[in-house]
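Structural overview
Next come the chains, spelled out residue by residue.
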Amino acid sequence: MARDRGGGAQLALPLDGKPAYGRDDFLVADCNRAALAWIEAWPDWPGRLAVLAGPEGSGKTHLAHIWCRLAGARTVAAGRLDLDSVGGAPLAVEGIDAAPDDTVLLHALNRIAEAGGHVLATARLAPGYWRGRLPDLVSRLRAAPTVEIGRPDDALIEAVLRKLFRDRQIEVRGEAVEFLLRHMERSLEAARRTVAEADRLALAERRPVTIPLLRRVLGS
């Protein structure tokens, strides 16, 4: 049950903050519609490897989890790939552009392909823009279809802000959300950080989330 902050405002519960990665939790907008359609087109892909590219916090991990449910796949960070554990099972490999060992990543992709498995790889930057990486790996990835997530528009950022506050059981007025849209960094990752910090500060001070509090969050 929510606690009272004073003045009848509702206190946010100290939730664990784990994101919800279900299909119904994914907010569809023009910037990610094509990516979602590609994910949901599986297994009718033209090949066994696909790359999903987009900026930090754009929804790549959420889409990867949606695909994992469709494909019966598991997800692993590129830096934690274990060649002995990959085979023909579908696999989502996250953060391939931050992989510490290009050779291991290339061998893993090849081994999965040889075993008849499917791979969804995520990256902040599409492989076509990579520089200074293992040429064979870049060539392998460039040959695969790449779908990119664009920058979020105001409508999506607003929807995400409202959902994040709602998930934390925080009531905010419309003018508070409008204030964030005018002054916050234009990214979904910034929305997540801002809501989390607003929640922390409001709980610590036992007060509602208002524009003065949000002004302090953005100024910190």
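Our subject is the structure listed above.
So, a few notes on the structure that sits alongside this text. This is a predicted model, so every value here is computed, not measured.

Attention now moves to the sheet that holds strand β6 (residues 119–123). Here five strands make up an open sheet; going across it, the order is β4-β5-β6-β3-β7 and the pairing parallel. Only two strands of the sheet have a single neighbouring strand rather than two, namely β4 (74–77) and β7 (146–148). The mean inter-strand angle of the sheet, taken between neighbouring strand axes irrespective of direction, is 20 degrees. By the bridge criterion, five bridges tie strand β3 (residues 49–53) to β6 in an arrangement that is parallel. Looking across to β6, one finds that Leu52 is bridged to Thr122.

Right, let's get into the packing of aromatic side chains. Enumeration over the complete set of coordinates arrives at three aromatic pairs. Aromatic side chains Trp38 and Trp45 sit 5.7 Å apart centroid to centroid with 20 degrees between the ring planes, which places their arrangement in the stacked category. Residue classification places Trp38 among the partly exposed residues on the basis of a relative accessible area of 22%. Taking the relative accessible area as the measure of exposure, Trp45 reaches 9% and is therefore buried. When the ring of Trp42 is compared with that of Trp67, the centres are 6.1 Å apart and the planes differ by 90 degrees; the resulting orientation is edge-to-face. With Trp42 in the loop between α1 (33–40) and β3 and Trp67 in helix α2 (residues 60–71), this pair connects stretches of sequence that are 25 residues apart. Residue classification places Trp42 among the buried positions, given a relative accessible area of 19%. Aromatic ring contacts, followed pair by pair, group Trp38, Trp42, Trp45 and Trp67 into a single cluster. The cationic tip of Arg133 hangs over the ring face of Trp130; the distance from NZ or CZ to the ring centre is 4.5 Å.

A word on the pairing of strand β5 (residues 91–94). Side chains Leu91 and Val93 of β5 all project onto a buried face; the interleaved residues Ala92 and Glu94 project onto the opposite face, where all are buried too. In this sheet, β5 lies alongside β4 in parallel orientation, the contact comprising four bridges. In the sheet register, Val76 faces β5, and the bridge partner there is Val93. When β5 meets β6, the two strands line up parallel, connected through three bridges. Of the residues in β6, the one forming a bridge with Leu91 is Val119. With helix α3 (residues 102–114) bridging β5 and its parallel neighbour β6, the resulting β-α-β unit is right-handed.

In this section: the environment of Gly150. Inspection of the secondary structure puts Gly150 in the loop between β7 and α5 (154–167). For Gly150, a relative accessible area of 29% puts it in the partly exposed group. Sequence separation of Gly150 and Gly54 is 96 residues, and the distance between their C-alpha atoms is 6.6 Å.

Now for the environment of Arg192. Position of Arg192 among the secondary structure elements: in helix α7 (residues 188–205). Sequence-distant contacts of Arg192, that is, excluding residues within four places in its chain, are made with Gly57 and Leu164.

On to the side chain of Asp102, then. Tracing the backbone shows Asp102 in helix α3. By relative accessible area, Asp102 is classed as buried at 13%. Only 2.9 Å separates the side chain of Asp102 from the backbone nitrogen of Leu134, close enough to count as a polar contact. Once residues within four sequence positions are removed from consideration, Asp102 is found in contact with Arg133, Leu134 and Leu137.

Omega for the peptide link from Trp42 to Pro43 comes to 10 degrees, which places this bond in the cis form. With respect to the helices, strands and loops of the structure, Pro43 is situated in the loop between α1 and β3. Of note, Gln169 is a non-glycine position whose phi angle comes to about 60 degrees, a positive value. Mapping Gln169 onto the fold places it in the loop between α5 and α6 (174–183). We note that Arg206 has phi near 50 degrees; this positive angle belongs to a residue other than glycine. Within the secondary structure, Arg206 is located in the loop between α7 and α8 (211–219).

About the thresholds
- Residues numbered from 1 in each chain as written.
- Predicted model: local features only at pLDDT ≥ 70, side-chain atom pairs only at ≥ 80, totals over all residues.
- Heavy atoms only, no water.
- Pairing = 2+ DSSP bridges.
- Helix = DSSP H or I, 4+ residues; strand = E, 2+ residues; numbered from the N terminus.
- Axes fitted to C-alpha atoms, helices over the stretch in contact; angles between N-to-C directions.
- Phe/Tyr/Trp six-rings, centres within 6.5 Å; stacked < 30°, edge-to-face > 60°.
- Buried < 20%, exposed > 50% of the residue type's maximum accessible area, 1.4 Å probe, protein only.
- Lys NZ or Arg CZ within 6 Å of the ring centre and 35° of its normal.
- Right-handed = clockwise from strand over helix to strand, strands pointing away.
- Contact = heavy atoms within 4.5 Å.
- Polar contact = N/O pair within 3.5 Å; in protein donor to acceptor, adjacent residues only side chain to side chain.

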